[in-house]
Number of protein chains: 2
Amino acid sequence: MKAVLSVVLVLVVISSTIAKYIPKSGKRIPQTLSRGWGDQLIWAQTYEEALYWSRSRNKPLMVLFHLEDCPHSQALKKVFSENNEIQKILDEDFIVLNLVYETTDKHLSPDGQYVPRILFVDPSMTVRADINGRYSNRLYAYETGDINLLISNMQKAKKLLKAEL
Amino acid sequence: MKAVLSVVLVLVVISSTIAKYIPKSGKRIPQTLSRGWGDQLIWAQTYEEALYWSRSRNKPLMVLFHLEDCPHSQALKKVFSENNEIQKILDEDFIVLNLVYETTDKHLSPDGQYVPRILFVDPSMTVRADINGRYSNRLYAYETGDINLLISNMQKAKKLLKAEL
């Protein structure tokens, strides 16, 4: 009996020593880089990193501005992440970056800093301000009903600027 | 029998319709923002975001540069993520950011762009170039044996510059 107790005690001590840190407010779910926009995609973390990959792999970049507490962002995210055509094209032909915080580069907000907002950047590092959604007062906004327009805009972005010269 | 087959067929069609996108190369594990440096911490994604949180919460910022394929980074990550004292202090008193890609801000590489490298930034947005590790040729490098020095440097960073004026 004593031997069993000792073993249990040792096990408790060991497990408490190697126990991982847990915040006072309770265990958290680790944050993902996808933030729900496509767990199978390989996301860049920062704009600098995304530009680097875009140039070195000669693939266009999609930059997606959103907010966790914006219902329009959340609605678009659901349709976007569940659309296999979008996910496949992005995975195979694009560099992807989603941001909840604006960058210091004003080229990424040609008509303001609203969300959700989707900008394409050519590997030549030119922001494709010419690729627009449906709304004249927010040229880079997309709603859940605009998924087909988004796909056709992705096809536009795939035609690189260099090829047009 | 026919009815059963129809039901099965319908179920197959439905499940293939709602099946999530899986890359040709196989299913991937979603990337985390922690990249293994502390799954319970709330990580900023970009330097801009981290500076914003640092200023608005009046907490010092720790910026950690590392690489996934650098053995020194990996060894430090293991000790760092398993050290509950570090994790607790960071969670409660710091804004944290880990980067695998350099920023354009040269203040974050006072003596070069090596990894692993840890810089502290005061909420006044001053990079604390005065808080050093043990190595004169790489002032902001830490090895696995330097964890106690890192903790004491974290304590230094907690003494904000404004308080010294």
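Quick note: structure is the one above.
Residues numbered from 1 in each chain as written. Chains lettered and ligands numbered in written order. Predicted model: local features only at pLDDT ≥ 70, side-chain atom pairs only at ≥ 80, totals over all residues. Heavy atoms only, no water.

### Comments concerning the nonpolar core
Here is step 1: Of all hydrophobic cores here, the largest spans 44 residues; its most connected members are Met 62, Phe 120 and Leu 150 of chain A together with Met 62, Phe 120 and Leu 150 of chain B.
Here is step 2: Setting aside chain neighbours within four positions, we find Met 62 of chain A in contact with Phe 80, Leu 90, Phe 94, Ile 95, Val 96, Leu 97, Ile 118, Leu 119, Phe 120, Leu 150 and Met 154 of chain A. (Core = buried A, V, L, I, M, F, W, Y, C linked by side-chain atoms within 4.5 Å. Buried < 20%, exposed > 50% of the residue type's maximum accessible area, 1.4 Å probe, protein only. Contact = heavy atoms within 4.5 Å.)

### Some points on helix 5 (residues 147-158) of chain A
Residues and elements named next belong to chain A.
Here is step 1: Compared with an ideal rise of 1.5 Å per residue, which puts twelve residues at 16 Å, helix 5 spans 17 Å between its outermost C-alpha atoms and is within 8% of the ideal.
Here is step 2: Regarding helix 5, the residues found buried are Ile 147, Leu 150, Ile 151, Asn 153, Met 154 and Ala 157. Down the axis of helix 5, the sector holding all buried residues measures 160°, keeping them to one side.
Here is step 3: For helix 5, the secondary structure elements touched by its buried residues are strand 1 (61-65), helix 3 (71-82), helix 4 (84-93) and strand 3 (117-121). (Helix = DSSP H or I, 4+ residues; strand = E, 2+ residues; numbered from the N terminus. Expected span 1.5 Å × (residues − 1). Arc of directions from axis to C-beta.)

### Looking at the relation of the copies chain A and chain B
Here is step 1: Mapping chain A onto chain B calls for a rotation angle of 180° and an axial translation of 0.2 Å; the resulting RMSD is 0.3 Å. The two molecules are tied by a two-fold rotation axis, judged by turn and shift. Using C-alpha coordinates, one finds that chain A approaches the rotation axis most closely at Thr 32 of chain A, a distance of 2.0 Å. (Least-squares fit on C-alpha atoms with pLDDT ≥ 70 in both.)

### With respect to the layout of surface pockets
Here is step 1: Estimates place the volume of the largest pocket at around 520 Å³.
Here is step 2: Contributing to the lining of the largest pocket are 22 residues, with Ile 42, Trp 43, Glu 49 and Trp 53 of chain A together with Gln 31 of chain B lying nearest its centre.
Here is step 3: Sort the elements by how many residues they give to the lining of the largest pocket and helix 2 (residues 47-57) of chain A lands first, with four residues.
Here is step 4: Of the residues belonging to the lining of the largest pocket, the class tally is 13 nonpolar, two polar and seven charged.
Here is step 5: Computed from the structure, the second largest pocket encloses a volume of approximately 380 Å³.
Here is step 6: Taken together, 19 residues line the second largest pocket, and the ones lying closest to its centre are Ile 42, Trp 43, Ala 44, Trp 53 and Arg 57 of chain B.
Here is step 7: Every element with two or more residues in the lining of the second largest pocket is listed here: helix 2 (47-57), helix 4 (84-93) and strand 2 (95-99) of chain B.
Here is step 8: Here the lining of the second largest pocket takes four residues from helix 2 of chain B, the largest share from any one element.
Here is step 9: Considered class by class, the residues forming the lining of the second largest pocket number twelve nonpolar, one polar and six charged. (1 Å grid on protein atoms, 1.4 Å probe; cavity = no way out; pocket = protein on both sides within 12 Å on 5 of 7 lines; lining within 4 Å. Points joined across faces, edges and corners; volume = space filled by probe spheres on them. Nonpolar A, V, L, I, M, F, W, Y, C, P; charged D, E, K, R; others polar.)

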